[in-house]
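For reference, the chains in residue letters:
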Amino acid sequence: LLCFQFLLCAVPVGIPIQTPKILIIHSYNPEYKWTENQYQGIMETLETLGREYFVYTEYLDWKRFPNEQHLELMRKIFEEKYPQEHIDLILATDDRAAQFAMEHRKELFSDAPIIFSGVKNGKTSSLIKLEKVRISSRLSSCSSLPQPRA
């Protein structure tokens, strides 16, 4: 989880700091223990940074609604919810959230860098070649990611 510290603390001197906006997208719903544990770990790490940030949390609920129509509905919801928000960082948990974030980051999420965990699907792995995308099985060292906007 060191990449959070790099991304959210490394701001050039003399530039006013704006509060970073972090979007967490989970593949599943919050009732899954795996999803709950990932969320709890992310939030505990963010709390250690000693600075302000805004966190938006979304659940694709892919286990209950595993179809493209549902994902299109979610895309429309994101489009309505975040039209003016500049997202500085996307954290995606598991394959479907990572795929969704990569497919829509330019149109919906300010082309923000993506950090994802829990990925094991070959389709997701093939999408990693995009710019500003890093994979981390433990959300650990990601020092080559860009800084949030200041």
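Details of the structure are given in the entry above.
Residues numbered from 1 in each chain as written. Predicted model: local features only at pLDDT ≥ 70, side-chain atom pairs only at ≥ 80, totals over all residues. Heavy atoms only, no water.

(A) Representation of the pairing of strand S2 (residues 54-59). Of the strand pairs in this sheet, strand S1 (residues 21-26) and S2 are connected by six bridges, and their pairing is parallel. Its bridge partner being in S2, Leu23 is matched across the sheet by Tyr56. Regarding the hand of the β-α-β motif, the stretch spanning S1, helix H2 (residues 33-47) and S2 is right-handed. (Pairing = 2+ DSSP bridges. Helix = DSSP H or I, 4+ residues; strand = E, 2+ residues; numbered from the N terminus. Right-handed = clockwise from strand over helix to strand, strands pointing away.)

(B) Region of the structure containing the nonpolar core. Within the largest apolar cluster, 23 residues are counted, with the highest numbers of intra-cluster contacts made by Ile25, Leu60, Phe78, Ile90, Phe100 and Phe109. Elements supplying a minimum of two residues to this core: S1, helix H3 (68-81), strand S3 (89-93), helix H4 (95-108) and strand S4 (114-117). A total of six residues in this core trace back to one element, the largest contributor, which is H4. Not counting the four nearest positions on each side in its chain, Ile25 is found in contact with Glu58, Leu60, Phe78, Ile90, Leu91, Ala92, Thr93, Ala97, Phe100, Ala101 and Phe109. Core analysis: the next-biggest nonpolar cluster, separate from the first, contains nine residues, Ile22, Leu46, Leu91 and Ile115 among them. (Core = buried A, V, L, I, M, F, W, Y, C linked by side-chain atoms within 4.5 Å. Buried < 20%, exposed > 50% of the residue type's maximum accessible area, 1.4 Å probe, protein only. Contact = heavy atoms within 4.5 Å.)

(C) Quick look at the packing of aromatic side chains. A full pass over the atoms with the stated rule returns five aromatic pairs. Measuring from centroid to centroid gives 5.3 Å for Tyr56 and Tyr82, while their planes differ by 80°, and the two rings are edge-to-face. Linking Tyr56 in strand S2 with Tyr82 in the loop between H3 and S3, this pair joins segments that are 26 residues apart in sequence. Here a set of aromatic residues connected by ring pairs shows up, and it is made of Tyr56, Phe78, Tyr82, Phe100 and Phe109. We note Lys63 situated over the ring of Tyr28; from NZ or CZ to the ring centre the distance is 4.9 Å. (Phe/Tyr/Trp six-rings, centres within 6.5 Å; stacked < 30°, edge-to-face > 60°. Lys NZ or Arg CZ within 6 Å of the ring centre and 35° of its normal.)

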